[in-house]
Amino acid sequence: MSNTKVNFGSVEFKNPVITASGTFGFGREYNEIFDISSLGGISTKGLTLNKRKGNKGMRVWETPSGMMNSVGLENPGVEDFINKEVPFLQDLNTNIIANIGGSTLDEYIEAVERISKEKVDMIELNISCPNVKEGGMAFGIKTDTARNIVREIRKVTNLPLIIKLSPNAEDIVAIAKACEEEGADGISLVNTFKGLAIDIDKRRPVFDNVYAGLSGPAIKPMALRMVNEVYKQVSIPIMGMGGIMNWKDAIEFMMAGSTCIQVGTANFINPKVSLEIVKGIENFMDRENIKSLEEIIGII
Amino acid sequence: MSNTKVNFGSVEFKNPVITASGTFGFGREYNEIFDISSLGGISTKGLTLNKRKGNKGMRVWETPSGMMNSVGLENPGVEDFINKEVPFLQDLNTNIIANIGGSTLDEYIEAVERISKEKVDMIELNISCPNVKEGGMAFGIKTDTARNIVREIRKVTNLPLIIKLSPNAEDIVAIAKACEEEGADGISLVNTFKGLAIDIDKRRPVFDNVYAGLSGPAIKPMALRMVNEVYKQVSIPIMGMGGIMNWKDAIEFMMAGSTCIQVGTANFINPKVSLEIVKGIENFMDRENIKSLEEIIGII
Amino acid sequence: MAKIICNEKLSEDMFLITIEGDFPGEMGQFYMIRGWEDYPLLSRPLSIHEINDGSISFIYKVLGEGTLRLSKLQKDDNITLHGPYGNGFPKAEGRVALVGGGMGIAPLLYTAKKLHKTVDILDIYMGFRDEALLVDKYKQYADESYISIGSNITDQLDISKYDYILTCGPEPMIKRIVEMKEDNHTKIYVSMEKHMACGIGACLVCSCESKNGMTRVCKDGPVYLGEEIFYE
Amino acid sequence: MAKIICNEKLSEDMFLITIEGDFPGEMGQFYMIRGWEDYPLLSRPLSIHEINDGSISFIYKVLGEGTLRLSKLQKDDNITLHGPYGNGFPKAEGRVALVGGGMGIAPLLYTAKKLHKTVDILDIYMGFRDEALLVDKYKQYADESYISIGSNITDQLDISKYDYILTCGPEPMIKRIVEMKEDNHTKIYVSMEKHMACGIGACLVCSCESKNGMTRVCKDGPVYLGEEIFYE
Ligand SMILES: Cc1cc2nc3c(=O)[nH]c(=O)nc-3n(C[C@H](O)[C@H](O)[C@H](O)COP(=O)(O)OP(=O)(O)OC[C@H]3O[C@@H](n4cnc5c(N)ncnc54)[C@H](O)[C@@H]3O)c2cc1C
Ligand SMILES: Cc1cc2nc3c(=O)[nH]c(=O)nc-3n(C[C@H](O)[C@H](O)[C@H](O)COP(=O)(O)OP(=O)(O)OC[C@H]3O[C@@H](n4cnc5c(N)ncnc54)[C@H](O)[C@@H]3O)c2cc1C
Ligand SMILES: Cc1cc2nc3c(=O)[nH]c(=O)nc-3n(C[C@H](O)[C@H](O)[C@H](O)COP(=O)(O)O)c2cc1C
Ligand SMILES: Cc1cc2nc3c(=O)[nH]c(=O)nc-3n(C[C@H](O)[C@H](O)[C@H](O)COP(=O)(O)O)c2cc1C
Ligand code: FES
Ligand code: FES
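Computed from a predicted structure; not experimentally measured.

(A) Just the packing of helix H7 (residues 247-256) of chain A against helix H9 (residues 273-288) of chain A, in detail. All names here are of chain A. Look at H7 against H9: their axes get within 8 Å of each other, and the N-to-C directions meet at 65°. Judged on the interaxial angle alone, H9 and H7 are roughly perpendicular. Here H7 runs over H9; the crossing is right-handed. Across from Trp247, Ala250, Ile251 and Met255 in H7, the residues of H9 making contact are Ile277, Gly280, Ile281, Phe284 and Arg287. Split into classes, the residues belonging to the contact of H7 with H9 amount to 7 nonpolar, 1 polar and 1 charged.

(B) Quick look at the site of ligand 4. Residues and elements named next belong to chain B. Lining the immediate surroundings of ligand 4 are 24 residues, of which Ser21, Lys164, Gly216, Gly243 and Thr265 lie closest. Backbone polar atom of Ser21 to an oxygen atom of ligand 4: 2.7 Å apart, as the coordinates give it. Between ligand 4 and the protein, one listed contact pairs an oxygen atom with a side-chain N or O atom of Thr265 at 2.6 Å. In the complex, 98% of the free accessible area of ligand 4, which totals 610 Å², lies under the protein chains. Taken together, the residues of the shell around ligand 4 break down into 7 nonpolar, 15 polar and 2 charged.

(C) Structural view of the sheet that holds strand E10 (residues 186-189) of chain B. Residue and element names in this part refer to chain B. What the 8 strands build is a closed barrel, ordered E3-E4-E7-E8-E9-E10-E15-E16; its pairing is parallel. Strand-to-strand twist across the sheet, computed as the mean angle between neighbouring axes with direction ignored, equals 25°. Summarising the sheet, strand E9 (residues 161-164) and E10 pair through 3 bridges and their orientation is parallel. From the neighbouring strand, Lys164 faces E10, where its bridge partner is Ser188. Against the sheet, helix H9 (residues 273-288) engages strand E3 (17-19) and strand E16 (260-263), with an angle of about 170° to E3.

(D) Just the UniProt feature "binding site: FMN" (unreviewed entry) in chain A, in detail. Under the feature "binding site: FMN" (unreviewed entry), the UniProt entry names Ser21(A), Lys45(A), Gly46(A), Asn99(A), Asn126(A), Lys164(A), Val190(A), Gly216(A), Gly242(A), Gly243(A), Gly264(A) and Thr265(A). Within the secondary structure, Lys45(A) sits in the loop between strand E4 (41-43) and strand E5 (60-63). Excluding its chain neighbours within four sequence positions, the residues that come into contact with Lys45(A) are Ser21(A), Gly22(A), Gly25(A), Phe26(A), Val71(A), Leu73(A), Glu74(A), Asn75(A), Asn99(A) and Leu204(C). For Lys164(A), the position within the fold is in strand E9 (residues 161-164). Among all residues touching Lys164(A), those that are not within four sequence positions of it are Ser21(A), Asn99(A), Glu124(A), Leu125(A), Asn126(A), Ile127(A), Ser128(A), Ser188(A), Val190(A), Asn191(A) and Met241(A).

(E) Expanded view of the interface of chain B and chain D. Each partner contributes residues to the interface: chain B has 30 residues there, and chain D has 24 residues. Between chain B and chain D lies a buried interface of about 2200 Å² when both sides are counted; carbon and sulfur atoms form 62% of it. The largest share of the area that chain B buries against chain D comes from Glu29(B), Glu62(B) and Ile269(B), three residues that together contribute 27% of it. Linking chain B to chain D there are 5 salt bridges. Residue Lys219(D) is joined to Glu32(B) by a salt bridge in which the shortest nitrogen-to-oxygen separation is 3.5 Å. On inspection of chain B and its partner chain D, the count reaches 9 residue pairs in polar contact (both at pLDDT 80 or more). Those elements giving two or more residues to the side of chain B that touches chain D turn out to be helix H1 (28-31), strand E5 (60-63), strand E6 (66-69) and helix H8 (266-269) of chain B. Looking at the side of chain B that touches chain D, its residues break down into 14 nonpolar, 8 polar and 8 charged.

(F) Spatial organisation of the side chain of Asn126(B). Residues and elements named next belong to chain B. Within the secondary structure, Asn126 sits in strand E8 (residues 122-126). Since its relative accessible area comes to 5%, Asn126 is described here as buried. In this view, Asn126 contacts Leu73, Asn99, Ile100, Gly101, Tyr108, Lys164 and Asn191; residues no more than four positions away in its chain are not counted.

The rules behind the values
- Each chain carries its own residue numbering, running from 1 in the direction its sequence is written.
- By the order in which they are written, chains take letters starting at A while ligands take numbers starting at 1.
- Only residues with pLDDT of at least 70 get local features here, since the model is predicted, and only at 80 or more are side-chain atom pairs given and counted; chain-wide, interface and lining totals rely on the full set of residues.
- Side-chain metrics rest on all non-hydrogen atoms present in the structure, leaving aside hydrogens and water.
- A fitted line through C-alpha atoms serves as each axis, taken over the contacting stretch for helices, and the angle formed by two N-to-C directions is quoted from 0 to 180°.
- Runs of E in the DSSP output that reach at least two residues are strands. Runs of H or I that reach at least four are helices, and both are numbered from the N terminus.
- Angular relationships are summarised with four words: roughly parallel below 35 degrees, roughly antiparallel beyond 145, roughly perpendicular across 65 to 115, and oblique for the angles in between.
- Crossing handedness follows the turn of the near helix against the far one: under a right angle anticlockwise gives a left-handed crossing, and clockwise gives a right-handed one.
- Only heavy atoms matter for contacts: two residues are in contact if any of them lie within 4.5 Å across the pair.
- For this classification, the nonpolar set comprises Ala, Val, Leu, Ile, Met, Phe, Trp, Tyr, Cys and Pro, the charged set comprises Asp, Glu, Lys and Arg, and every other residue, Gly included, is treated as polar.
- If a single non-hydrogen atom of a residue is within 4 Å of a molecule or strand, that residue counts as near it.
- Any pair of nitrogen or oxygen atoms within 3.5 Å is treated as a polar contact; in protein, a donor-acceptor pairing is required on top of that, and neighbouring residues in sequence qualify only through side-chain atoms on both sides.
- For the area figures, the Shrake-Rupley method with a 1.4 Å probe applies, and any residue is considered shielded solely by the protein chains shown.
- Note: two strands are recorded as paired if DSSP finds a minimum of 2 bridges between them.
- UniProt positions are given in the numbering used here, feature names are shortened, and annotations may be inferred rather than shown by experiment.
- Buried area adds together the accessible area that both of two parts lose upon being put together, with accessible area traced by a 1.4 Å probe.
- We define a salt bridge as a side-chain nitrogen of Lys or Arg found within 4 Å of a carboxyl oxygen belonging to Asp or Glu.
- Throughout, exposure labels follow a simple rule: accessible area from a 1.4 Å probe, protein chains only, divided by the maximum for the residue type, with under 20% read as buried, over 50% as exposed, and the rest as partly exposed.

What follows is the structure, encoded as structure tokens:
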């Protein structure tokens, strides 16, 4: 059987398939459906220093081949995560990526410091959440702001650090380069695209927060393009995502330059999809006689 | 019956429905299917100073609820347009918008000067075509470059001038403001989103040009958001577009801040869709007892 | 994937779909259903209406794209179900009333079937907007059944007669029932509706605030003690 | 919108669909077809296979999402057709051969039906990969018919015997035929295939360069004189 192992910088993944932050909780629910240890990794629901209730009002809206969400980083806070979720996650045989969000630089720093004392395999710094006012995404739009936060975070953690970029960034390649220069170990992209939906009968936005984040197959062509643009300009590895629904999409992202891929919205459509993507990649490797996925990463 | 008239700056449109550049040719083909004089206006296929053959290789690719195109501004050139198409267009009872593209500032200027001698109702300056290398979109990414081209073009034409913005712009609100400051009479947005598709069997991009432009329902949430962001910050009127498939989508765009709306990809799915959108808007106005569309433009 | 046994039109816009297979499920639980491959993107939550040997059924009202596509499916077509999800109704005891409004009657049939043998009294209240449906099917399990068409079914309800009220339907109806409560002996359980994505508690799009903090309607609900909820 | 009369499986992956209505069309023209509302986005071009009083039919091969969805449609289901589009085959005269490879046989039935009474000789050549299909239907209009399965149908073709060759099929086949031409008496017309969006000549996604400049396959084609085209 084919060897799906990939090295993402210094971290080895048994396969390149990781479930995306915010779409897989802390793994417990999906673990009731299949053995999630068979995945390459899990990125946790976005964590903030303190507990958050998230946004009020409608939180989900369906669009053509996409969905918009306005969860707004509802989460139990880092401390609760460490006490209640880390023990469960550590017993799994898969890589654990702690996804960290925040509203202020200090909040990010404190959260990262705290999590860095724990046995998680990686930190994914979310500077790209479009659903929290004055937070998250603000850090991921301008290159200088992004550079600054990565620099500060890099000082306080020795864990492998990947930065999750926003497709709403002014210049995603420039931001990725800045992350690389400031010592990030990898890049993940993309988070959701900022979108709007209007209830024409009520004559007002569907979401209390007005704008919300678009994910799913609708965004795939753009996400894939951004991965490829970044791949051509940076040397640190990439986790690509955005609308991956099946193994073919996953291979496209790898050919565009992703070392690992993340599966988000697709989990909602088929809870076992990440497992099926692992199998699909294995079969593809067998059929095409691919010994190592390195052969196809960035091949286009 | 309801009065669907709107004033776009100094130009009156009998209704706000305009067919989008590149999706309606010069109107001839659709005029065989229905009387296109019943539309508010027509934006022509993107014209350049000289004739262009467009891109080689695959030019269209279907994506989930979207399509990518890589036509690359194939067009007969401004002179041929004036000789062969303008006479036909002038006989129609609808507003004619000449969409102008180019690769260099000089090329833009010359094309606009030439077209300004003709009886077209408006110029739509396309600084956002993602499908021509070293051209089109390059002008629509950075605010300063956009500002500069609008300033120069404004000097050479007295026709109402609208600038068509790219969703790939670094800061679409800043660009829109710059256009306003430089004397543009309106803004149209959005052009297509830059995307990538990969043929995994051939291990190479589908398009010879690698990236291509995504349009259709997939992009609607993002296009609508951009229209709303621009509407909040500029006072010149907006023509909104991106994935409008029916009258409900059109009303959403108007509520987000569009004075007129443009229909692109939807023409391919149903050649009479623009007419049906006009009817749908009329019925909506009757039902909701709306006397003038001004009542709902930007209402959210 | 499972096969459709039949997909019967009950009225202008209501359908009863029966699917082949031995599906598990408790009263008040739901399945995430898709009768299509890719489009629309999300699956639709539907409450278990009935489970028999070798089949499960749902009733649904045609509202938008998803239920419209469901309504076009025919015998032997394939359909995908994920579930059962949610907590479901509690094992009520003593004197029990089931109160359903509109499509809220859907989960009450299976609930009635499960409860009618063990409780002392089982009364069923059903409110419809235009037309009463499936009434005989429900009556077989009821001691008394009450029906209203076009008016508030809650007008007929005296909650003090019951130990348990299990209710499902539009939020204003639920709210009225919860507000009827004066003493503490009647336990009112309500089934809530929220737009969903995952259906299993992972994505938090169905979260809402309850008196005990944030709660996921798909996983911690959809059934709650009436007083726990902030109504709109 | 029109109604489906029948949608018959001809082989593993080929179907014949017949649609109710009096549809216009010339030989070699096509329709843009969608057997669905919103998804997939674009309509699919299919060549007219046959037109009878009160019906039109197409044959298609199941390849991707669109043709798969077409294949699931049943009698009485609705379908949307826009057309007829394209120039179609010219009114050939004298000795005529129709040469089809694979799905390229689709437009040749209607072409044969239209031509067989007016031309001197009408021979039909059909190349299949695995299995011959519909052969009898074609034979009724042919003076001679030639069939190959798995090999090149062009091996049987002597083009000098004909005044006109009308051909449709894979590009390598078409190219072989065009390259056979030595003298000038045989006119070879080829039907080209390109991915399309509008189908009517407005969007230019089907454009390609011919010896006479840029040409829109949907509007100026799909039929061209063989020597006008640059083959790949
Ligand atoms: C736990 C639960 C059980 C339900 N049980 C039933 C049942 O047994 N019978 C029945 O007819 N209906 C039931 N509903 C409501 C049903 O899920 C919606 O009517 C259905 O999803 C509408 O889909 P659509 O495609 O027709 O509408 P659209 O408006 O096109 O749907 C768009 C999106 O909004 C969601 N949505 C729209 N309306 C609702 C709604 N009222 N509740 C939740 N999501 C919605 C859809 O799921 C979809 O994601 C239940 C809802 C929940 C949450
Ligand atoms: C003028 C013309 C006439 C045709 N007549 C017939 C016919 O009579 N019978 C028949 O079986 N096929 C015919 N084809 C090919 C047919 O259109 C495609 O096989 C079909 O569109 C594939 O759709 P899909 O959804 O199954 O495949 P997908 O690969 O899922 O389609 C994705 C997109 O690519 C386009 N596409 C894919 N393959 C082709 C192709 N070979 N040619 C053009 N577009 C393609 C589709 O239209 C769609 O937009 C014709 C094509 C043209 C241009
Ligand atoms: C409901 C939902 C919640 C999300 N929450 C987070 C989050 O907390 N942190 C984060 O970095 N990304 C979050 N995302 C973004 C996803 O991780 C992913 O980047 C995005 O959805 C694109 O991938 P997809 O199209 O495969 O879903 C969320 C996405 C969804 C749909
Ligand atoms: C095939 C095609 C060709 C296009 N050509 C042009 C063009 O020449 N000039 C231009 O400004 N926009 C062009 N566009 C962009 C459209 O005018 C429109 O901005 C875009 O498609 C978004 O709208 P839609 O989703 O309704 O199609 C083209 C779009 C398509 C699909
Ligand atoms: S629908 Fe995902 S948590 Fe409830
Ligand atoms: S498909 Fe639009 S021009 Fe041919």
